[in-house]
Amino acid sequence: MSKRSSLGRGLDALLARKDVAVSGAAPQTLKLSQIVQAGYQPRQVFDPEALAELAQSIRDKGVLQPLLVRPKGDAFEIVAGERRWRAAGLAGLSEVPVVIRDLGDREALEIAIIENLQREDLGPLEEARAYQALMDQGLNQEGVAQAVGKGRSTIANALRLLTLSDAAQRALEHGEISAGHARAILAQPEQDRAWALEQIMTRGLNVREAEALRRDRADATPARTPSKVEGPRPWREWELNLSRSIGTRVRITGEDKGKIELSYASQEELSRLLALLGPQDEA
């Protein structure tokens, strides 16, 4: 059986490898004060509500699954089970069951990533950073794919999220956009990515609409034609304010006379705009 398919089956397959030395075959008990957080933990966000629920479950039934730890100086570092460790502290426990294994940095990191992937606990950026951490241990993309039982294209697509701007990464981490939105932004020319993020967030676009975004290059370029150079547009601030207010791109042309143009990307968006601009029923 190949390494990839073995690791892809999960933690048991990884821990069964002959090159992983065992310093404690059966669960033991350690004080919480003897356990320290890992130097690298793929999961960065721990939902306080979910932790409180797990803490209540631990109060009622105890810690049902031992933590996996490895020796680290005078203490023991968490490899898998930080959420249980945190919840046990919230529940008022002073000690928890653990399995102690002597693991190298890369093996510990692989196990931590696989545990979180199996639980579907990692956000898109956390997953991407976890893969990057494995690459920092000396693996290439194919090696990372084999280590976690994923396709190489999956690893490559995840790593691309790390090239998003800081603003787009914050939006993705906070759930304001999805990984699908993020990939649609990355498909844009680099100079249009900030614009695409703004369009997605102000207009509430779904992923398909985000994928269909195409910037009007005439709008993006101050000089419209060689015959007449367009001067400063006095209505730019009004355009931006209106765009944010009604959730679609607004363009104002002319001075004493002119027109206001609203953009829409779907029949649903057109209906929304017509309802917004149409006459209101009197009370």
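Residues numbered from 1 in each chain as written. Predicted model: local features only at pLDDT ≥ 70, side-chain atom pairs only at ≥ 80, totals over all residues. Heavy atoms only, no water.

Draft legend 1. Spatial organisation of the overall build of the protein chain. Of regular secondary structure, the protein chain possesses 15 helices and 8 strands. Per-residue burial for the protein chain yields a buried fraction of 40% across its 283 residues. Counted over contacts in the protein chain with a minimum sequence separation of 6, partners at least 24 positions apart contribute 64%. Here the protein chain has roughly 16600 Å² of accessible surface; of this, 49% comes from carbon and sulfur atoms. (Helix = DSSP H or I, 4+ residues; strand = E, 2+ residues; numbered from the N terminus. Buried < 20%, exposed > 50% of the residue type's maximum accessible area, 1.4 Å probe, protein only. Contact = heavy atoms within 4.5 Å. Areas by Shrake-Rupley, 256 points an atom, 1.4 Å probe, with all protein chains shown as cover.)

Draft legend 2. Molecular detail of the pairing of strand 6 (residues 95–102). Here 4 bridges tie strand 2 (residues 28–31) to strand 6, and the two strands are oriented antiparallel to one another. For glutamine 28, the partnering residue across the bridge sits in strand 6 and is valine 98. Here strand 4 (residues 67–72) pairs with strand 6 via 3 bridges, running parallel. Within strand 6, the position partnered with leucine 67 by the bridge is valine 98. (Pairing = 2+ DSSP bridges.)

Draft legend 3. Broad picture of the environment of glutamate 110. Its place among the elements puts glutamate 110 in helix 5 (residues 105–119). Look at glutamate 110 and you get buried, because its relative accessible area is 2%. Considering only alpha carbons, one finds glutamate 110 and alanine 147, 37 residues apart in sequence, at a separation of 6.7 Å.

Draft legend 4. Broad picture of a nonpolar patch on the surface. Side chains of Ile260, Leu262, Leu276 and Leu277 sit close together on the surface and give an oily, nonpolar patch of about 370 Å² of accessible area. Sorting the residues of the nonpolar patch by element identifies strand 8 (258–262) and helix 15 (267–277) as the ones contributing at least two each. Its location among the elements puts isoleucine 260 in strand 8. (Patch = residues over 30% accessible without salt bridge, like charges linked within 9 Å, V, L, I, M, F, W, Y side chains within 5 Å. Salt bridge = Lys/Arg side-chain N within 4 Å of Asp/Glu carboxyl O.)

Draft legend 5. Spatial organisation of the pattern of salt bridges. Following the criterion strictly, the structure yields 5 salt bridges and no others. Among the salt bridges present, the one from glutamate 82 reaches arginine 86, with a minimum N-O distance of 2.9 Å. On the criterion of helical spacing, the pair formed by glutamate 82 and arginine 86 is a turn pair, its members being 4 residues apart in helix 4 (residues 82–90). Looking at glutamate 82, the relative accessible area reads 3%, which means it is buried. One network of salt bridges, in which partners are shared, links Arg70, Glu77 and Asp105.

Draft legend 6. A look at the side chain of histidine 181. By secondary structure assignment, the location of histidine 181 is in helix 10 (residues 179–186). Here histidine 181 falls in the buried class, since its relative accessible area comes to 11%. Within the structure, histidine 181 has its side chain in polar contact with the backbone oxygen of leucine 205 (distance 2.8 Å). Beyond its immediate sequence surroundings of up to four residues, histidine 181 is in contact with Ile200, Leu205, Asn206, Val207 and Ala210. (Polar contact = N/O pair within 3.5 Å; in protein donor to acceptor, adjacent residues only side chain to side chain.)

Draft legend 7. Structural detail: the packing of helix 6 (residues 124–136) against helix 7 (residues 141–148). Axis separation between helix 6 and helix 7 bottoms out at 9 Å; the angle between their running directions is 115 degrees. For the pair helix 6 and helix 7, the sense of crossing is right-handed. Across the interface between the two elements, Tyr131, Leu134 and Met135 from helix 6 touch Gln141, Val144, Ala147 and Val148 from helix 7. For the contact of helix 6 with helix 7, the residue count by class is 6 nonpolar, 1 polar and no charged. (Axes fitted to C-alpha atoms, helices over the stretch in contact; angles between N-to-C directions. Left-handed = near helix turned anticlockwise from the far one by under 90°. Nonpolar A, V, L, I, M, F, W, Y, C, P; charged D, E, K, R; others polar.)

Draft legend 8. Fine view of the nonpolar core. Ranked by internal contacts, the top residues of the largest apolar core, which has 19 residues, are Ile35, Leu67, Val69, Val96 and Val98. For this core, the elements supplying multiple residues, two or more each, are helix 3 (48–61), strand 4, strand 5 (75–80), helix 4 and strand 6. In contact with valine 98, not counting residues within four places along its chain, are Ala26, Pro27, Gln28, Leu30, Ile35, Pro66, Leu67 and Val69. In this structure, Leu125, Ala184, Leu197 and Leu205 belong to the second largest nonpolar core, which totals 18 residues. (Core = buried A, V, L, I, M, F, W, Y, C linked by side-chain atoms within 4.5 Å.)

Draft legend 9. Up close: helix 9 (residues 166–173). Of the residues making up helix 9, those classed as buried are Ala168, Gln169, Ala171 and Leu172. An end-on view of helix 9 places all buried positions within 160 degrees of arc, on one side of the element. Of the surrounding secondary structure, the elements contacted by the buried residues of helix 9 are helix 6, helix 10 and helix 11 (193–203). Phi turns positive one or two residues past the end of helix 9, at glycine 175, with a value near 80 degrees. (Arc of directions from axis to C-beta.)

Draft legend 10. Region of the structure containing the environment of glycine 39. With respect to the helices and strands, the residue glycine 39 is situated in the loop between strand 3 (35–36) and helix 3. On a C-alpha basis, the gap between glycine 39 and valine 79 in space is 9.7 Å, while along the polypeptide they are 40 residues apart.

Draft legend 11. Local environment of the packing of helix 7 against helix 8 (residues 152–160). Axis separation between helix 7 and helix 8 bottoms out at 8 Å; the angle between their running directions is 110 degrees. By the angle between their directions, the pair helix 7 and helix 8 is classed as roughly perpendicular. Crossing angle aside, the handedness with which helix 7 passes helix 8 is right-handed. Between helix 7, through Gln141, Glu142, Val144, Ala145 and Val148, and helix 8, the contact on the second element is made entirely by Arg152, Ile155, Ala156 and Leu159. (Parallel < 35°, antiparallel > 145°, perpendicular 65-115°, else oblique.)

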